[in-house]
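# Working through the structure, step by step
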Amino acid sequence: MTKIEIVLTKQGKTFKDYRHLSITETQEVCIINYIKGRLYSDKKTINPTYESFPNKQEAIDRLNEIDGEWKAKGYVEEAVDILFQIAEKEKYVYDKAKWHYDGDFPQELDRTQAYVPTGMFIAWLVKNDLVSKRSRKEDANEIELVKGNEMTGAQFYRTNWDGVLSSDELSDEADAFAREYLHLHNDMYTAVDFQNILAGDLPSIYHVEDSIENYYVIEPIISERYQEWKNGKKLDM
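Residues numbered from 1 in each chain as written. Predicted model: local features only at pLDDT ≥ 70, side-chain atom pairs only at ≥ 80, totals over all residues. Heavy atoms only, no water.

### With respect to the overall build of the chain
Looking only at helices and strands, the chain has nine helices and nine strands in total. Scaling as 2.2 N^0.38, a compact globule of 237 residues should have a C-alpha radius of gyration of about 18 Å, whereas the chain reaches 23 Å, well beyond that. Projected onto its principal axes, the C-alpha positions of the chain cover 70 × 40 × 30 Å. For the chain, the proportion of contacts with a sequence separation of at least 24, taken over those separated by at least 6, is 60%. (Helix = DSSP H or I, 4+ residues; strand = E, 2+ residues; numbered from the N terminus. Rg over C-alpha atoms; globule rule 2.2 N^0.38 Å. Contact = heavy atoms within 4.5 Å.)

### Concerning the environment of Asn128
Locating Asn128 in the fold gives a position in the loop between helix 3 (116-127) and helix 4 (133-138). Residue class for Asn128 comes out partly exposed when judged on its relative accessible area of 34%. A C-alpha to C-alpha distance of 41 Å links Asn128 and Leu63, two positions 65 residues apart in sequence. At 2.8 Å, the side chain of Asn128 forms a polar contact with the backbone oxygen of Trp124. (Buried < 20%, exposed > 50% of the residue type's maximum accessible area, 1.4 Å probe, protein only. Polar contact = N/O pair within 3.5 Å; in protein donor to acceptor, adjacent residues only side chain to side chain.)

### Comments concerning the nonpolar core
One finds Met120, Phe121, Trp124, Leu165 and Tyr189 to be the most contacted residues of the largest nonpolar core, which totals 45 residues. For this core, the secondary structure elements donating two or more residues are helix 2 (97-101), helix 3, helix 5 (140-147), helix 6 (153-159), helix 7 (172-181), helix 8 (188-199) and helix 9 (212-230). Sequence-distant contacts of Phe121, defined by excluding residues within four places in its chain, comprise Leu165, Phe177, Ala178, Tyr181, Leu182, Tyr189 and Ile222. Counting 13 residues, the second-largest nonpolar core is a separate cluster that includes Ile6, Leu8, Ile32 and Trp70. (Core = buried A, V, L, I, M, F, W, Y, C linked by side-chain atoms within 4.5 Å.)

### Regarding the packing of aromatic side chains
All told, the structure shown has 19 aromatic pairs when counted by the stated rule. On the numbers, 5.2 Å between centres and 70° between planes, the contact of Phe156 with Trp161 is edge-to-face. Look at Phe156 and you get buried, because its relative accessible area is 0%. Plain terms: the ring middles of Tyr181 and Tyr189 are 5.6 Å apart, the flat faces sit at 65° to each other, and that makes the pair edge-to-face. With a relative accessible area of 0%, Tyr181 lands in the buried category. Given a relative accessible area of 0%, Tyr189 falls into the buried group. Chaining the aromatic ring pairs together yields one cluster made of Phe121, Trp124, Phe177, Tyr181, Tyr189, Phe194, Tyr226 and Trp229. The ring of Trp70 has Arg19 sitting right over it, with the charged end atom 4.3 Å from the ring centre. Above the plane of the ring of Tyr115 lies Arg158, whose end atom (NZ or CZ) is 5.7 Å from the centre. (Phe/Tyr/Trp six-rings, centres within 6.5 Å; stacked < 30°, edge-to-face > 60°. Lys NZ or Arg CZ within 6 Å of the ring centre and 35° of its normal.)

### Here's the deal with the side chain of Asp193
By the secondary structure assignment, Asp193 is in helix 8. Side-chain polar atoms of Asp193 contact the side chain of Tyr181, separated by 2.6 Å. When neighbours within four sequence positions are excluded, Asp193 is seen to be in contact with Tyr181, Met188, Leu198, Ile218, Ile221 and Arg225.

### Some words on the pattern of salt bridges
A full pass over the atoms with the stated rule returns 14 salt bridges. Its salt-bridge partner being Arg225, residue Glu228 comes within 3.8 Å of it at the nearest N-O pair. In this pair, Glu228 and Arg225 are both assigned in helix 9, three residues apart and thus about one turn of the helix distant. The network of salt bridges with common partners includes Glu51, Arg62 and Glu65. (Salt bridge = Lys/Arg side-chain N within 4 Å of Asp/Glu carboxyl O.)

### Quick notes on unusual backbone geometry
The phi dihedral of Asn149 is positive, around 60°, even though this residue is not glycine. Mapped onto the elements, Asn149 comes out in the loop between helix 5 and helix 6. Using a relative accessible area of 31% as the deciding quantity, one classes Asn149 as partly exposed. The phi angle at Asp162 is positive, at roughly 55°, despite the residue not being glycine. Relative to the elements of secondary structure, Asp162 occurs in the loop between helix 6 and strand 7 (164-166).

### A look at helix 7
The complete set of buried residues in helix 7 reads Ala174, Asp175, Phe177, Ala178 and Tyr181. Taken down its axis, helix 7 places every buried residue within 165° of arc, on the same side. In this structure, the buried residues of helix 7 make contact with strand 6 (93-96), helix 3, strand 8 (182-183), strand 9 (186-187), helix 8 and helix 9. (Arc of directions from axis to C-beta.)

Right under this line is the structure:
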């Protein structure tokens, strides 16, 4: 397998726009991988597409055509290394439903109850437009269902995010908030707010009913914590 690469950039006010073109050749087909994005001082964005061709020459001709089109718009060629000068954003996993139902989970309950606590936080994220751009695009239909109270956050968590809440699914602001509010060793959300507001005298947090009514009980508490965080108050037990 051989690979041909070109990186084109154009300087903006606060970022550098880039086009990353590469040809990947296999035994069956040649593929142009075409990535558009922006290079900021602390991060880069990625929006990939691709085209396939029956032979290498057709792929090269198309790559040269795209190269010429963007150079005509003021883009200049740079070394591929420029794409790797900015560290990728660290992925942080906040919660997995599996951690719960494989742990100290009440055996009499259905496993879907393991999705409920974090699911209500996810419903709040969705309703406040704090999920990532990727999620807004890929989960658009279900996001509208959650916003319209036709789908709970736990159901969305299970079917769309496979029971994993990570920084990849959050906007930058939501990620920063969650790193304090859902901190692994200082989980204000689950251990304090969810426990006190919804679990109460129930046998466990997993016994809380997955309902829209319960979501609206916890929603103002999460919003209050969010405002405290935005105002610079440290979230601590």
